[in-house]
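Here's the letter readout for the chains.
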Amino acid sequence: MDGDTSARLDLPYLAAGQLQKHVTLNEALTRLDALVQCTAVSRTTTAQPVSPADGALYILPAGATGPVWGAQGAGVLMRAEAGGWTRVAAPDGLRIWVKDEDQLVVRDGGGWIPLGERIGALQQLTRLGLGTGADAANPFAAKVNTALWTARGAGEGGDGDLRMTLNKEAPTDVLSLLFQSGWGGRAELGLIGDEDLTLKVSADGGSWRAAMVVDRTSGAVAFPAGAGRVETTVFTANGTWTVPSWARRIEAVAVGGGGGGGAGACGASGVTRFGGGGGGAGGASAAIWNVSDLAASLSIAIGAGGASGVGGTAAAGAVGGPGGNSTVTSGGVVILTGRGGAGGQGGTAAAGAGGAGGLGITPSNEGGASATTTTAAAGAALTRPDGSGGGGAGGGLDTSNTARAGGAGGAGGSTTVSRSGGSGGANASGGNGSAAAAPGLSWSGGGGGGGGGSTATGHSGGAGGTGGAGGGGGGAGVTASGSGGTGGAGLIRVTAIG
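The text that follows walks through the structure, step by step, so that each part is easy to find. The model shown is predicted, which means the values in this text are computed figures rather than measured ones.

Helices and strands together make up the secondary structure of the protein, namely 1 helix and 22 strands. Overall, the C-alpha framework of the protein stretches about 160 × 55 × 40 Å when taken along its three principal axes. Across the 498 residues in the protein, those meeting the buried criterion constitute 41%. Looking at the protein alone, contacts between residues at least 24 apart form 54% of all its contacts between residues at least 6 apart. Split by element, the accessible area of the protein, about 24,600 Å² in all, is 53% carbon and sulfur. Charge-centre separation for the protein: the mean point of 28 positive side chains lies 9 Å from the mean point of 31 negative side chains.

Sheet architecture is open: 4 strands sit in the order β16-β19-β20-β21, paired in antiparallel fashion. Two strands lie at the open edges of the sheet, namely β16 (239-242) and β21 (333-338), each paired on one side alone. Strand-to-strand twist in this sheet, taken as the mean axis angle between neighbours without regard to direction, amounts to 25°. Where β16 and strand β19 (residues 297-301) come together, 4 bridges link them in antiparallel fashion. Across the sheet, the residue bridging to T240 is S299, located in β19.

Quick look at the packing of aromatic side chains now. Counted under the stated rule, the structure contains 3 aromatic pairs. Every member of this aromatic cluster is reached through a ring pair, and the members are Y58, W69 and W85.

On to the pattern of salt bridges. Applying the stated criterion across every chain, the model contains 8 salt bridges. The partner of R216 in a salt bridge is D196, and the shortest N-O contact between them spans 3.0 Å. With R216 in the loop between β13 (208-214) and β14 (221-222) and D196 in the loop between β11 (184-192) and β12 (197-202), this pair connects stretches of sequence that are 20 residues apart. Overall, the relative accessible area of 52% leaves R216 in the exposed class. One salt bridge in this structure joins D398 and R404, with 3.7 Å as the shortest N-O distance.

Moving on, we come to unusual backbone geometry. Despite not being glycine, A82 has its phi angle at roughly 55°, a positive value. With respect to the helices and strands, the residue A82 is situated in the loop between β3 (77-81) and β4 (84-88). Take A82: its relative accessible area is 69%, and that puts it in the exposed class. The phi dihedral of N401 falls on the positive side, at around 70°, and the residue is not glycine. The topology assignment puts N401 in the loop between β21 and β22 (491-497).

Our next topic: the pairing of β19. Every second residue of β19 is oriented toward a common face, the buried set being L298 and I300 and the non-buried set S297, S299 and A301. Pairing geometry for β19 and strand β20 (residues 326-330), over 4 bridges, is antiparallel. Paired with A301 across the bridge in β20 is T327.

Most of β20 sits inside the fold, with 5 of its 5 residues counted as buried. What you see with β20 is no split at all: S326, V328 and S330 on one side and T327 and T329 on the other are buried throughout. As judged from the 5 bridges shared by β20 and β21, these two strands associate in the antiparallel manner. Counted as the bridge partner of S326 is G338 from β21.

Before going further, it helps to spend a moment on the sheet that holds β3. Reading across the sheet, the 3 strands line up as β2-β3-β4 and stay open at both edges, with antiparallel pairing between neighbours. The outermost strands of the open sheet, each flanked by one partner alone, are β2 (57-59) and β4. Taken over all neighbouring pairs, the strand axes of this sheet differ in orientation by 30° on average, direction set aside. Summarising the sheet, β3 and β4 pair through 5 bridges and their orientation is antiparallel. When the sheet's bridge partners are listed, M78 is paired in β4 with R87.

The next point concerns the side chain of R79. Along the chain, R79 falls in strand β3. Given the relative accessible area of 6%, R79 is considered buried. At 2.4 Å, the side chain of R79 and the side chain of E81 are in polar contact.

The rules behind the values
- Residues numbered from 1 in each chain as written.
- Predicted model: local features only at pLDDT ≥ 70, side-chain atom pairs only at ≥ 80, totals over all residues.
- Heavy atoms only, no water.
- Helix = DSSP H or I, 4+ residues; strand = E, 2+ residues; numbered from the N terminus.
- Buried < 20%, exposed > 50% of the residue type's maximum accessible area, 1.4 Å probe, protein only.
- Contact = heavy atoms within 4.5 Å.
- Areas by Shrake-Rupley, 256 points an atom, 1.4 Å probe, with all protein chains shown as cover.
- Lys, Arg positive; Asp, Glu negative; His and termini not counted.
- Charge placed at Lys NZ, Arg CZ, Asp CG, Glu CD.
- Pairing = 2+ DSSP bridges.
- Axes fitted to C-alpha atoms, helices over the stretch in contact; angles between N-to-C directions.
- Phe/Tyr/Trp six-rings, centres within 6.5 Å; stacked < 30°, edge-to-face > 60°.
- Salt bridge = Lys/Arg side-chain N within 4 Å of Asp/Glu carboxyl O.
- Polar contact = N/O pair within 3.5 Å; in protein donor to acceptor, adjacent residues only side chain to side chain.

In short, geometric facts, not functional conclusions.
This is the structure:
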């Protein structure tokens, strides 16, 4: 600048003895009118306005067009006055409020940048509101949709770490993060009234319960309300089970079908005639797998209960059918099998043996054997106390046609959720065994009771309960023998643990 104008704002000076001093003075005042409390209409308008308001200021962007604007460079400050345009000198540090952006910009090296980028430090602020108003209760308040904290890298003068430090004055004070929904508290994480890390949750913002506590001295984690997720599915029919995405471990129990009871012997007096043996209970097997070792879904096959030995006029009774195997298959490979129980033997002049229990972790309860001199044997209940009961045997006839009662079905789950076996028939059919009532707690069912012997047609045995219980044996008869009871179908219980 020369000696005729001011150094920074380029304001014209009055010269000594100058004529028409008002012209120079007015020029200086016009420039001051533009620069004092400076406000620009826009810094993004490219087309020169046709009829701008007097005094309107524009910061020209790159590519500005128009008779006057097109000859100017980017960043130039232009002022409209009486239908013309004047370039206003803008020194570094000049601050302008840009109306269409609602922000302050500052002149810097021929360009314009937001003022916030030039504020290096703000010290001792008492309130700060970002997108909302701060108040005495909340001296810092922010109303945003996203927020980002990122570490300063080594190339920027930092070390790449980011650590946020929160501090409270005394151990009994609260230092926490409070999560709200509709201004009601739902979760709180931090040092809440002590120095252990605690996570609390609330359904209404009033009542709170601790979900997790981490002991600061030992690092031990406690879950006062319990932890993990467990879901049990019980199958009594074939199906497919999809492994839950949240599960980490799978436990399963497979119980095979119970064996059917054998039919009793038949014939006239003069020889002994045994009732049919009770069917054996299905075997139970258990396994635990990591989810990573399994296919996405498991195929479930439930073993059917064994068919009854059908009574008739044959001297020897028909054998009861074996129970079917229950299996769990993953990716085409059988990974767990619950073996079916054996069917009870048909009664003859010499014997009426019960069927063996199905194999598993331990052999399951076997069926009872028939007798001609006393009540037939009950189905076993304690060979495997947590398993289903074996079927009771059918009652026999001695040489003088004395009819014996059938044996009771073995109780299921003697050491868990007990299920009663069917009653043995005394000149009557055997009772049906109870089905597993709470398979999520116990898979066991009661064995069917044996049918009583008869001087006419032998009585039939009772059916075994669901859970792989054995069917009762049929009673011996003179004119026809009694049929055995069917075995109970097996089941599979699958538990997902997350």
